[in-house]
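# Notes for the structure review
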Amino acid sequence: GHSKFIIMSVKLKKNGVVKEVSTGFSWKYFFFGCLYVWAKQGFLKSCKHYFLTVITLSIYYWIQCFKYNTNCVKDMVLDGYEPVTLEDEQYLKININYEV
C-alpha cells in the first residue's frame, strides 16, 4: 500500500539519545499556535510566531500549520541530530535536502 510512503514521524539521534519527531501537518500548532511554540521552543520564539501571525493577518499561522514540524526537524539536524534508519534518512533527503 501507500502507507510506507507516508511517514508520520522521523527518528533522529544525537549522543546516543533517540527522539521521534512528528512530520507533516502540525495539529498541535493548529490548536495551540504560539502556546505550543512557547512550550516547545521558549518565549522569544513564541513572540516571533505571534507577531508574524498578527502582521500577516493569520497567513503565517496557516503556513506554519504545514511547515512547523518540518522546520523543527531541520533545526534538530542543524543541531547535530542524525537519522536512525534508512527510511528516516530518505525522508530527510527528500524534505530538507539532507546530505550525509
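Described below are features of the structure shown in this document. If you're wondering where the values come from, they're calculated on a predicted model, not measured in any experiment.

Looking now at the side chain of Ser46. Within the element layout of this structure, Ser46 appears in helix 3 (residues 43-55). Relative accessible area serves as the criterion here: at 6%, Ser46 is assigned to the buried category. A polar contact of 2.9 Å, which involves the side chain of Ser46, links it to the backbone oxygen of Cys34. If sequence neighbours within four positions are ignored, Ser46 has contacts with Cys34, Val37 and Trp38.

With that out of the way, let us pick up the packing of aromatic side chains. According to the stated counting rule, one finds 13 aromatic pairs in the structure shown. Centroid distance Tyr61 to Trp62: 5.1 Å. Interplanar angle 80°. Geometry classified as edge-to-face. For Trp62, a relative accessible area of 44% translates into the label partly exposed. Feature note: the residues Phe25, Trp27, Tyr29, Phe30, Phe31, Tyr36, Tyr61, Trp62, Phe66 and Tyr68 constitute an aromatic cluster, connected by ring pairs.

Our focus in this paragraph is the packing of helix 2 (residues 34-41) against helix 4 (residues 59-78). Relative to each other, helix 2 and helix 4 sit at 15°, their axes nearing to 13 Å. Accordingly, the angle class assigned to the pair helix 2 and helix 4 is roughly parallel. For the pair helix 2 and helix 4, the crossing hand works out as right-handed. In this structure, helix 2 uses Tyr36, Val37, Lys40 and Gln41 to contact helix 4, whose residues at the interface are Tyr68, Cys72 and Asp75. Taken together, the residues that form the contact of helix 2 with helix 4 break down as four nonpolar, one polar and two charged.

What counts, and where the lines are drawn
- Residues numbered from 1 in each chain as written.
- Predicted model: local features only at pLDDT ≥ 70, side-chain atom pairs only at ≥ 80, totals over all residues.
- Heavy atoms only, no water.
- Helix = DSSP H or I, 4+ residues; strand = E, 2+ residues; numbered from the N terminus.
- Buried < 20%, exposed > 50% of the residue type's maximum accessible area, 1.4 Å probe, protein only.
- Polar contact = N/O pair within 3.5 Å; in protein donor to acceptor, adjacent residues only side chain to side chain.
- Contact = heavy atoms within 4.5 Å.
- Phe/Tyr/Trp six-rings, centres within 6.5 Å; stacked < 30°, edge-to-face > 60°.
- Axes fitted to C-alpha atoms, helices over the stretch in contact; angles between N-to-C directions.
- Parallel < 35°, antiparallel > 145°, perpendicular 65-115°, else oblique.
- Left-handed = near helix turned anticlockwise from the far one by under 90°.
- Nonpolar A, V, L, I, M, F, W, Y, C, P; charged D, E, K, R; others polar.

Any functional reading would require information beyond the geometric quantities listed.
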